[in-house]
Amino acid sequence: MVYRYESDEDAFEEYPEPGSDLSMLGAGPPPPAGPSPSRFPTPSLPRANQLSLPSSSPPPPPPPATRAEMPPAAPLGQVYTSASPIEPSARRGGGRLWQVLIGGAAVLVLLALCGLGAAALLDNRNQQPQATPTFQPNAAPTSAAAERLTLDSRDTDQAPLTAKELFPGKELKLNDGQPSYQVLKTQSSASCAVAATGEVADLLVRLGCNQIVRATLRTPEGDHLVTAGLFNLTDKVSAERARDRIRPLLDERQGRFRGLTAGEGDGTDVLASAPARVGWQVRGHYLAYALVVRKDGTAIKAGDAKVGEILFDMIELHLSRGVLQQRADGGSAAQPTAAPTGSSGTQGGSTDDGELPGN
């Protein structure tokens, strides 16, 4: 069976091929060539492999197709679609554009990396090289090394005390805006027994005391005299033993602290004979003490607030927070020790032979 496609009339006609069964059914010559009205008119259908584009004027009809140019019939139920073809020249132009863009971006990245590398190199050259630290035998200890030093032993605090360290001038000012204590006399001795008597002196010597630095002062009001100083013991343990044993010895009148008289006719002789109020405190390997008497030599009443302030000024403010803290911060020891602990008591005056009279 041969199908003939007439494009002018948009119709199909069937013609039997010679030798086929259909050719034997009817006789007569084939119909003349050329367009003829179709017996089965059908609506015009767009070709499946072409994309219809809108236009202002209808497209011209296609030329008649020959049998050889006729496309094969599509299978039933199969749909053909086609996309807009891309011209080869457009593809080549788009690819070239992308190559230019990618190449330009790569060049910019390379230039940026080169700039960063050059800037880092210049920065390293501009920085000054750090000098290698050298060891100096006489240099002060660094803070890290100094923090390991304490006042707990003479092994770490080897510098001896001096009278100038404890009492640098003729006046001792503890607080701004308050009157000063008047320093009457200072003393530094390697014999701790000069500042104590009886069992108190023996106790200090047995526990390794090798130095006493003290001074006699007059209070700002002038109605009290005080002797204060530091005993230099071996370590903190020995200082605490001395602290704990002093009170029973004073209570049992087996010893006492001595006051330091300044000289003849200055009224300080009461320090050696009048009843006194004493206080002592431990910080590190030091035992700080102070002894207070009334200028007129009369007994001090229990709970005297003024005497308590004098003891606090001498022991806590001056000797502990002042002298010893400065020593700790100055290099001999670089960190404060634990909070100082101390006590106070009452001792009677004495005669020249060292015996303790009644209170």
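Below or above, wherever it landed, is the structure these notes cover. (Residues numbered from 1 in each chain as written. Predicted model: local features only at pLDDT ≥ 70, side-chain atom pairs only at ≥ 80, totals over all residues. Heavy atoms only, no water.)

The next point concerns the packing of aromatic side chains. Here the structure, examined in full by the defined rule, presents four aromatic pairs. An angle of 40 degrees between the planes, with centres 6.1 Å apart, marks the rings of Phe-231 and Phe-257 as tilted. One end of the pair, Phe-231, is in strand S7 (residues 224-232); the other, Phe-257, is in strand S8 (residues 255-257), with 26 residues separating them in the sequence. For the residue pair Phe-231 and Phe-257, the accessibility class agrees, reading buried in each case. Ring centres 5.2 Å apart and planes at 35 degrees place the aromatic pair Phe-231 and Tyr-289 in the tilted group. Placement of Phe-231 in strand S7 and of Tyr-289 in strand S10 (residues 286-294) is noted, with a sequence separation of 58 residues between them. (Phe/Tyr/Trp six-rings, centres within 6.5 Å; stacked < 30°, edge-to-face > 60°. Helix = DSSP H or I, 4+ residues; strand = E, 2+ residues; numbered from the N terminus. Buried < 20%, exposed > 50% of the residue type's maximum accessible area, 1.4 Å probe, protein only.)

Here we take up the pairing of S10. Among the nine residues of S10, eight are classified as buried, and the element is accordingly described as predominantly covered. As paired elements, S7 and S10 share nine bridges and run antiparallel to each other. Among the inter-strand pairings, Val-226 is bridged to a residue of S10, identified as Val-292. Summarising the sheet, strand S9 (residues 276-283) and S10 pair through seven bridges and their orientation is antiparallel. By the bridge assignment, Trp-280 is partnered in S10 with Tyr-289. Following S9, the chain reverses through two residues before pairing antiparallel with S10; Gly-284 in that reversal takes a positive phi of roughly 60 degrees. (Pairing = 2+ DSSP bridges.)

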